Each structure stands twice: as C-alpha cells, then as structure tokens.
Amino acid sequence: MAVNAPQATRSNEILKFLTKAWSWLFLILVLLFFELWSRFDGNTRVNTFIFNIASVQSVLLYATQYLMMALGLTIVIISAGIDLSVGFTSGLASVTAAVIIKNLTGTLPDYLSFGLAVIGGILMAMLFGYFNGLMVAKLKVPSFIGTLGTSGVARGVAFLIAGGSTVAIKNTVAREFGNGDLLGLPIPVVIAAMLTLVFHYLLSSTKFGLYVYAMGGNFNSAVRAGVNTTRLTISLYVLSAFTAAIFGLFYMGRFSGGKPDAGDPVLLNAVAAVFIGGASLTGGSGTVMGTVIGALILAIIQFGLVFIQLPPFWQFIAVGLVIILAVLIDQFRDRLIRGGGSGEGR
Amino acid sequence: MSEPLLAVRQVDKRFGGTHASRTVSFDLYPGEVLALAGDNGAGKSTLIKMISGVYTPDSGDVFYQGKNITGRNPQDVRDLGIETIYQDLALADNLDVGVNLFLGREKMKKVLGFLPVLDRKLMREEAKKALKNLGIIVNDLDIPVRYLSGGQRQAIAISRAVYWNAKVLIMDEPTAALGVPEQREVKELIHRLKAQGVGIIFISHNLVDIFDVSDRILVLERGRVAGERLISETNDDEVVKLMMGAA
Ligand SMILES: Nc1ncnc2c1ncn2[C@@H]1O[C@H](COP(=O)(O)OP(=O)(O)O)[C@@H](O)[C@H]1O
Ligand SMILES: [Mg+2]
C-alpha cells in the first residue's frame, strides 16, 4: 500500500492531475500564445486573437471539420480499431450528394433535391462503413489494413462518380446549409455541437458506450457479458462513416460542390484530435469531450498560424509535435498510475 | 448425500484424431470442492468446456439440478447458475469494479425524467457490498481494475460470479498466476463459497492447493478418468501415480 512520504504523494498527485488535464492546459496555453503574439506584434490586422468574432468563428469552423471526422473515429479507436477510410468516404459522400443535386436541379425544388442528396450521400458512406465493419468483425481483417483498402476503393468510386474532378452545384439550401448562421453561429458548428452531445451521451451513459469500452479493454469481457460483438463492431464503423458523411455534406454546402478528395487532408488532424483527447492505440480509452478539446487545439494552431502570418508550413510541424507529445503523455500517465497505485498491474 | 448439483454422464469428445474426453462421468454436490487434476493435455479444459457450453459432447449428457443441459450455449448455461472463470478472467481491465460486476446486466437510472443513463454509483455501491460479503477489501473502487493486484482481480471475477447466484463455480487454474499470499486469499475465498453451498470445480496443477481446498479429486489421464478419491483417503504419491497413468 501507499507508504510514500506525504510530500512525495502530493507532488505525485499534482503530476497525475497534470497528465489528466494536460489537454485543457495545453488548450489554454496555445490560446495565450496567439493572444500575446497578436498583442505585441504589430503585423496582425486586429490586435487580439481571442476577443474578435471573426477568429472565434474561423476556429470553430476548423474545429468542426476535424470533429465531424473524429467523432465516429473516437468510438472506433476506443474499441481498439481504427478507420482510415473516413478521408475518402467523406469525399465520396460529398460527390454523391452533389451529383444527386446536379441531376435534380430544375426538376425538383432546391430543398427537396438537397434533402435527397443528404440521404444519398449518407447512405453511400454508410455502405462503405458497413463493409468496413463486416471485414473487421467477420473476416477478422486488422482494421488498419482493411480500412486502408476501403479508402482506396472509396477514392476510386468517388472520382468515377465525379467524372474525375469537382462536381459544382447551384442550390440555395445547400449554400445556406454550409454558410448560413443560426443564433450567431455557423450552421455546421451548431449541427456539429448537437451531434457531439449525442455521441457524448452514447459513449458515457449508455450500455452501447460501455460495451465499446469493454470490447476495447478486453474483447473477452464483452463476449462474456453476452454482447453481440459482431453487430456492435459493424455499428461502430457505420457510425464512423456517418459522421464522415456529415463532413462531406458540410464541405459540399460550403463550397457549392462535391470533391472526391475533400476529406483527405483532414484525416490526419482528425486522428490526432482523438489521441490528443486521451485515446490510446491499444483501445479502451478516450472520450468525446477529449476529442473536442483535441479538435479545438488543432484548430487554434491551424488558424492561429495563419492569423499571425507565419508561413503555413509551420502547421505541419506544430501538429506533428503535438501528436508526439500526446503519445508521450499517454505512456507517462499509465506508468504514473501504475507506480502510485495499489497493485503491481497485470 | 442429497441430489447432485451437477451430474456428468459418459461425455465423449474427439478433435480429429485426438480423443480428448473418453466417457467421463462424475457428480458434484452443493458445498463441495472437486479438484480436477491431470497432466497437460489430459482433457481437463475440454471437460469443463463441455459443461460450460463452449463445446458440445459427441455423446453423453450433462445434468444440472436433474435437468439435461447438454448442448446449451454458454450464455444459457451461465444464466442457469453455472459460472466458469477462465485464466484471463474476462475482466474489462479499463473499467472500474462496479461496472465489471454488472457488465451485461447494467443498472440504469433516468435523468430529467426521461433519459436513461448508466447508474455507475449504484453499481459501485453494490459491488462494494458484494465484495464485503466475501470478505474482500478493495480500496479503490473507481479506478480501472488493471491497476489492482492479481489476487484482487481474481476475487472480483469470483464475486461477479456469485453475485449473480452461481451455484456451480468452475475455476481453471485460479492460483497459477498469483503470489503466495494471494493464493492464500483465493483459497480462503473458496472456503467461504463452499460454506455458502456453492459447488466448486477447481482445476489445478498444484497438489498443495488441491489438498488444501478440495473434498474430492478426479484425476484425468489422456481423456479418461484415471481415478476418483476422497481427499481424506488419498495422498500426493497416489495422485501423482494416477496422473502418470501408473496406478
Ligand atoms: N479445440 C481443439 N481442437 C483440437 N484439439 C484440441 C482442442 N482442444 C483440445 N484439444 C486437444 O485435446 C487434448 C486435451 O486438451 P485439454 O482439454 O486442453 O487438456 P488440459 O486442459 O488437461 O491440458 C489435447 O491433446 C489437446 O491438444
Ligand atoms: Mg487446460
């Protein structure tokens, strides 16, 4: 049992707290960094980063992109899998929806063709998600490889459907969906916030969420509990494709067009957001709120570097370093709890 | 004696050319600890898996409280009150004690009058009570069970079984991965369960453990019953000879 001197225990407690709350602290630190920079550097157009609506909106829009792709990824990663196909299933969804709108423009009113496009785009992505789930759950294909394969297929199908490039559309409802405001916030941000709450509830408070954690922690524990692990696994990849499809639809609305590789550049940041948020590669840990913080940190870095007018290549360096930091802290946290806990571990 | 809790009759199982179980029969009574001994590959795991529903015997029957349960699936068998604890314990290492005790049979509550959510607090409190009933003290109920000691984890797996009213408890090498003090704790736990009328099948390689906790011993050798003895009427030498097929 704990025989540490009181002082050692206290510094240990502080360390434990820091490793748990580091992403919050890091969020505050990056905010402070850009705030101070814009105050003391005369080059920025406005001399405050935090207290102006334009940059808050931009940061939220960036974060929404990462988050839409990362929400579904979070549950897949907690289950000890990964979904690398979301980059292109999201692009495929945007292209599918755009083609539907294009073909219906003039025949149906804008809101109807948009509605059908949303359904079509989501179903197309979910079909790929279902296939991912089948591969992982039934054929026991490692998710890393299986979803990489699906990613290739989705990419090809998306380019084929799009005829090789971007599919431009003219649809007022889609444009409003991607660019309009609701209660002073961009509509995508509002929708993403609502989906985030739903996913948070699912993961933290329902049997479904509990089984995802159990399966990620020890697959046999879920089997023993009578969980239909095949069905559960398939549903996770379908959900992952679903949130990716929402990203694709936001993209289509915002830029009035579908693009096969719309989501590809976002994939790395989405994966990073999940790991910064406390998930671990071995599965069993991670939270929706952690992923939200991860997405916010990345969005602040991304937009902040533009804001203070540093060359954009700094983004890659900064994001890469943050990912490495997240993994290091994850390992350190585990060692700390093991060392200070009440047993010798496994 | 009273009715047997479990009656295994002439169960037989082949895997291709391997005859893993040859017409094995035995009884298990309430409050009795039956040790299952035998060399590696003797057929111990195969035998208990035919009871727990993982394998269906090629021929022969398993009766539980007089009812034929041959060929039922593992979930059914467990719901009937026959619980098997395998060596990996099937604990969700990343979740706390309360949730582990209730996994698959969670307690829910409603917030705001309509939204069902997991009642983690209730599960934790129930877990604390269940552990206390068995004389197990775990201080940190809200940390993932992977941070607990091997003995505590074993105890959690056992109390999970009996919390849901297991009447037959099958344990595959429960003390193999434990240090000496923890082995003693698990053996004490077995004594307490026995006093509560649970019938226990205990697989072990360790003759000291077997002689400490068991009432009877069934020795298997290449799939067949090499001998069955009351612990009070046998000794190490005889058991070892039976295991080697030399008696
Ligand atoms: N699923 C299986 N497929 C093929 N052979 C098996 C299988 N399970 C057990 N066996 C064989 O059956 C025999 C008994 O194995 P087992 O019941 O695991 O023995 P024990 O648990 O006593 O070590 C061994 O020869 C083993 O190789
Ligand atoms: Mg065995």
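In this numbering scheme, every chain counts its residues from 1 along its sequence in written order. Naming scheme: in the order in which they are written, chains are lettered from A and ligands are numbered from 1. Since the coordinates come from a predicted model, pLDDT governs what is reported: local features require at least 70, and pairs of side-chain atoms require 80 or more to be given and counted, while whole-chain, interface and lining totals use all residues. In computing side-chain values, all of the structure's heavy atoms are included and hydrogens and water are not.

**A few points about the packing of helix 6 (residues 172-179) of chain A against helix 10 (residues 229-255) of chain A**
Residues and elements named next belong to chain A. What counts as an axis is a line fitted to C-alpha atoms, over the stretch in contact for a helix, and the angles between N-to-C directions run from 0 to 180 degrees. The way it works is that DSSP assigns letters per residue, a run of H or I at least four long becomes a helix, a run of E at least two long becomes a strand, and they are numbered from the N terminus. In the contact formed by helix 6 and helix 10, the axes pass within 6 Å of each other and the chain directions differ by 110°. The pairing of helix 6 with helix 10 is recorded here as roughly perpendicular in orientation. Residues A174, R175, F177, G178 and N179 of helix 6 form the contact with helix 10, whose participating residues are L249, F250, M252, G253 and R254. Asp, Glu, Lys and Arg are counted as charged, while Ala, Val, Leu, Ile, Met, Phe, Trp, Tyr, Cys and Pro are counted as nonpolar; the rest, among them Gly, fall into the polar class. A class-by-class count of the residues in the contact of helix 6 with helix 10 yields five nonpolar, three polar and two charged. Note on angle classes: values under 35 degrees are labelled roughly parallel, values over 145 roughly antiparallel, values of 65 to 115 roughly perpendicular, and the remainder oblique. Two residues form a contact once any of their heavy atoms are found within 4.5 Å.

**Considering the sheet that holds strand 11 (residues 216-221) of chain B**
All names here are of chain B. Paired strands, as defined in this entry, are two strands with at least two bridges between them according to DSSP. An order of 6-9-10-3-11-12 is seen for the six strands of this open sheet, with the pairing classed as mixed. Edge strands, defined here as strands with exactly one partner in the open sheet, are strand 6 (82-85) and strand 12 (224-230). Averaged over all neighbouring strand pairs, the angle between strand axes comes to 15°, with direction disregarded. Bridge count between strand 6 and strand 9 (residues 168-172): four bridges; the pairing is parallel. By the bridge assignment for strand 9, I82 is matched with V168. With respect to the sheet, helix 1 (residues 44-52) is in contact with strand 3 (33-37), strand 6, strand 9, strand 10 (199-203) and strand 11, its orientation differing from that of strand 10 by roughly 150°. Docked against the sheet, helix 8 (residues 236-243) engages strand 3, strand 11 and strand 12, running at close to 30° with respect to strand 11.

**Here's the deal with helix 5 (residues 150-163) of chain B**
Between the first and last residue of a helix there are one fewer steps than residues, each counted as 1.5 Å, and that sum is the expected span. Look at helix 5 of chain B: 20 Å from first C-alpha to last across 14 residues, which is about the 20 Å you get at 1.5 Å a residue. Each residue's exposure class comes from its accessible area (1.4 Å probe, protein chains only) as a fraction of the maximum for that residue type: buried when under 20%, exposed when over 50%, partly exposed otherwise. Where burial is concerned, most of helix 5 of chain B is hidden: 13 out of the 14 residues are buried.

**Section: a nonpolar patch on the surface**
Residues and elements named next belong to chain A. A patch consists of residues whose relative accessible area exceeds 30% and which take part in no salt bridge; residues with like charges are grouped when within 9 Å of each other, and nonpolar side chains (Val, Leu, Ile, Met, Phe, Trp, Tyr) when within 5 Å. All accessible areas in this document rest on Shrake-Rupley with a 1.4 Å probe, and a residue is counted as covered only by the protein chains that are shown. When a carboxyl oxygen of Asp or Glu lies within 4 Å of a side-chain nitrogen of Lys or Arg, that pair is called a salt bridge. Taken together, I14, L15, F17, L18, L25, I28, L29, L32, L36, F40 and F332 make up a surface patch of nonpolar side chains, about 1100 Å² in accessible area. If one sorts the elements of the nonpolar patch by residue count, helix 1 (residues 6-40) sits on top with ten residues. On the secondary structure map, I28 appears in helix 1.

**Brief notes about the interface of chain B and chain A**
Chain B puts 28 residues into the contact, and the matching count from chain A is 27 residues. Counting every contact that joins chain B to chain A gives two salt bridges. For E83(B), the salt bridge identified is with R224(A), shortest N-O distance 2.4 Å. Pairs of N or O atoms within 3.5 Å make up the polar contacts considered here, provided that, within protein, one atom can donate a hydrogen while the other can accept it, and that residues adjacent in sequence are counted only when both atoms are side-chain atoms. At the junction of chain B and chain A, the tally comes to ten residue pairs in polar contact (both at pLDDT 80 or more). Those elements that provide at least two residues to the side of chain B that touches chain A are helix 2 (74-80) and strand 8 (115-118) of chain B. Each residue belonging to the side of chain B that touches chain A can be placed in one class, and the counts come to 14 nonpolar, five polar and nine charged.

**Quick look at the site of ligand 1**
Residue and element names in this part refer to chain B. We call a residue near a molecule or strand when any one of its heavy atoms sits within 4 Å of it. Around ligand 1, the structure places F15, T18, A20, D39, N40, G41, A42, G43, K44, S45, T46 and Y55. Between S45 and ligand 1, the recorded distance is 2.8 Å, taken from a side-chain N or O atom to an oxygen atom. Notes on ligand 1: free accessible area 560 Å², of which the protein chains cover 62%. Taken together, the elements giving at least two residues each to the shell around ligand 1 come down to strand 2 (18-28) and helix 1. The element best represented in the shell around ligand 1 is helix 1, accounting for three residues. Tallied by class, the residues present in the shell around ligand 1 amount to four nonpolar, six polar and two charged.

**Some remarks on the domain arrangement of chain B**
Residue and element names in this part refer to chain B. An automatic or database domain assignment supplies the start and end points of every domain. In terms of domains, chain B is made up of domain 1 (1-81 + 167-247) and domain 2 (96-165). On a C-alpha basis, the centres of domain 1 and domain 2 stand 28 Å from each other. Counting residues at the interface gives 13 residues for domain 1, matched by 14 residues for domain 2. Reported buried area values correspond to the accessible surface (1.4 Å probe) lost by two parts on association, with both partners' losses combined. Contact between domain 1 and domain 2 buries roughly 1100 Å² in total, counting both sides, with carbon and sulfur atoms accounting for 62%. Three residues, E182, L189 and R192, lead the burial of domain 1 against domain 2; their summed loss comes to 34% of the area buried on that side. The interface formed by domain 1 and domain 2 holds one salt bridge in total. Here D79 makes a salt bridge to R105, at a shortest N to O gap of 3.2 Å.

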